[in-house]
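# Examination of the molecular architecture
What follows is each chain in one-letter form.
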Amino acid sequence: MYELIKRDGMAKRGRLTTVHGTIETPVFMNVGTAAAIKGGVSTDDLRQIKTQVELSNTYHLHVRPGDEVVKKLGGLHKFMNWDKPILTDSGGFQVFSLASLRKIKEEGVHFNSHIDGRKIFMGPEQSMQIQSNLASTIAMAFDECPSSVADKKYMANSVARTTRWLKRCKDEMARLNALPDTINPQQMLFGINQGGIYEDIRIEHAQQISELDLDGYAVGGLAVGESHEEMYRILDEVVPHLPTNKPTYLMGVGTPANILEAVDRGVDFFDCVYPSRNGRHGHVYTNHGKMNLFNAKYELDDRPIEEGCGCPACRSYSRAYIRHLLKAKEMLGMRLCVLHNLYFYNTMMEEIRDAIDAGEYKAYKKRKLEGMEQK
Ligand code: GUN
Ligand code: ZN
C-alpha cells in the first residue's frame, strides 16, 4: 500500500508498505545485480549505510545460480540474508542490453545467454515465474526497451506489444500469488512506461497502463543515450499522466543531479549502478563534487573523504590510506569507496525527504546542486 504523505510542487514524499517493511520515498535502491552489491558489500554493510531497498536482476539470477535453486533455498531474502524489501527487474532490459542473437516475437524473446551461449526463452509468463521463485518484494513487468533512436513506427508497435505483455504479466502474477507453494504471495507488480523520445506515444501508453491498477509505475527507456535535458522534458510530459497515489520509478537513473531534478518532476523511486561502479574505480561523491582518489594530490591527505560523513570509510580512514589501498589493489580500497558512495546517495535521499517534509524542496535542490558544482 502506497501513501502519498506530502507534495511540494511536483515532488512526492511517500511511504510504501510491503510484507518486508516500509519504504520511505523518495528512495534510492542499491543495485545488487546478481544478489550482491559489487565491491564486496555485505548485507550487514547495507544495514549500516541506510539502505532501504536492494535491487537484483531476473535475467542474471535465472542464468546463475538459477531461480529454481534460489526457490529451493527459501527465496532471495533468505538466500542473501536481507529481510528488507527487494525489487527485481524483469529481465526485459538486460535481455536487450546483454544477450546476443535476440529474436523478439509476440510470445516473448529468444536469445543466447551471455555466460555460456545457451538458448533461453523469456516472455511475460517466464519473467513472472522467475520473479515469483526469487520471491522479491516488487516484481517489474516484462517490457521491451527499444533503442532510443528507433523510428516512430517501430516504437508504436513495440509499445503496443509491451502493453499486451503487461496484461499477461498481471494475469500470471495473480495466478502465481494464489499457488500454495509461492514464497511471497503478496508480491507486488510495477508496470513500465516506454515510448522513447516520442511524447505522444509515451503519454498514450502512460494512460493505458494507469488503468490497470498496478502497485507502481516506472518510466523506462531513459538514460539510454539521450541528453539530460531531453530526459527532463520527457519526465515533464509523462509523469503527470501516471497516478500520484502510486510509486513513480525512474529506471536506471542516475547522477545526484539527475535524481534531484527527477524528484522535482514527481519521481520517487530510483536505481543506478553509478555509486557502486564509480566507487570500484576510486571515484567518490562529496557535497563539493566528485573526487578521484587515485589523484597524486591525496598522497599525504589525512582527512576523510568528506568531513562529517558518517559512513564506515570516513569514520575510520583517510584519503591517503584509501588511495594507497586502491593503488595497491587491496580489496578494502574499493569496498570503502563503494560504501561511502552508497551512504552518500542514501543520505541525499534522506535530505530530500526532509526538505519535502519541510516544504523547502526547491531551495534544497538549488543549494545541493550549487555545492556539488564547486569542483
Ligand atoms: N532499467 C533501466 N531502464 C529500463 C527499462 O526500460 N526497462 C527495464 N525493464 N529495466 C530498465
Ligand atoms: Zn563517507
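Source: prediction; values computed, not measured. (Residues numbered from 1 in each chain as written. Chains lettered and ligands numbered in written order. Predicted model: local features only at pLDDT ≥ 70, side-chain atom pairs only at ≥ 80, totals over all residues. Heavy atoms only, no water.)

### So, the coordination of the zinc ion (ligand 2)
- Surrounding the zinc ion (ligand 2) are the protein donor atoms Cys309 (SG), Cys311 (SG), Cys314 (SG) and His340 (ND1), which sit 2.1 to 2.3 Å from the metal.
- Taken together, the four donor atoms coordinating the zinc ion (ligand 2) span angles of 104 to 112° at the metal, a pattern that classifies the geometry as tetrahedral.
- Sequence positions of the residues that donate to the zinc ion (ligand 2) give the spacing C-x1-C-x2-C-x25-H. The two residues cysteine 309 and cysteine 311 agree in class, both being buried. (Donors = N, O, S within 2.8 Å, 3.2 Å for Na, K, Ca; no water. Tetrahedral: all angles 85-135°; square planar, octahedral: opposite > 155°, others 65-115°. Buried < 20%, exposed > 50% of the residue type's maximum accessible area, 1.4 Å probe, protein only.)

### Here's the deal with the packing of aromatic side chains
- Applying the stated criterion to the full structure yields nine aromatic pairs.
- Relative to phenylalanine 269, the ring of phenylalanine 190 has its centre 5.9 Å away and its plane inclined at 75°; by these criteria the two rings are edge-to-face. Remark: phenylalanine 269 occurs in strand E14 (residues 269–272) and phenylalanine 190 occurs in strand E11 (residues 188–193); sequence separation between them is 79 residues. (Phe/Tyr/Trp six-rings, centres within 6.5 Å; stacked < 30°, edge-to-face > 60°. Helix = DSSP H or I, 4+ residues; strand = E, 2+ residues; numbered from the N terminus.)

### Side note on the domain arrangement of the chain
- The assigned domain composition of the chain is domain 1 (2–272) and domain 2 (281–372).
- Placing the centre of domain 1 and that of domain 2 at their C-alpha centroids yields a distance of 27 Å.
- The interface is formed by 32 residues belonging to domain 1 together with 29 residues belonging to domain 2.
- Taken together, the two surfaces of domain 1 and domain 2 that pack against each other cover about 2,700 Å², and 64% of this comes from carbon and sulfur.
- Viewed at the interface, domain 2 and domain 1 are joined by six salt bridges.
- The salt bridge involving lysine 365 is made with glutamate 261; its shortest N-O contact spans 2.9 Å.
- Taken together, the links from domain 1 to domain 2 amount to 17 residue pairs in polar contact (both at pLDDT 80 or more).
- Every element with two or more residues in the side of domain 1 that touches domain 2 is listed here: strand E1 (2–8), strand E2 (11–18), strand E3 (21–25), strand E4 (27–31), helix H1 (43–48) and helix H10 (256–263).
- Residue contributions to the side of domain 1 that touches domain 2 peak at six residues, all from H10. (Domains from an automatic or database assignment. Contact = heavy atoms within 4.5 Å. Buried area = accessible area lost by both parts, 1.4 Å probe. Salt bridge = Lys/Arg side-chain N within 4 Å of Asp/Glu carboxyl O. Polar contact = N/O pair within 3.5 Å; in protein donor to acceptor, adjacent residues only side chain to side chain.)

### Focus on the layout of surface pockets
- A volume near 810 Å³ is recorded for the largest pocket.
- Phe93, Gln94, Asp271, Val273 and Arg277 are the residues nearest the centre of the largest pocket, which is lined by 42 residues in total.
- Contributions of two or more residues to the lining of the largest pocket are made by strand E5 (54–57), helix H5 (92–97), helix H9 (228–238), E14 and helix H11 (274–280).
- Of all the elements, H11 adds the most residues to the lining of the largest pocket, at four residues. (1 Å grid on protein atoms, 1.4 Å probe; cavity = no way out; pocket = protein on both sides within 12 Å on 5 of 7 lines; lining within 4 Å. Points joined across faces, edges and corners; volume = space filled by probe spheres on them.)

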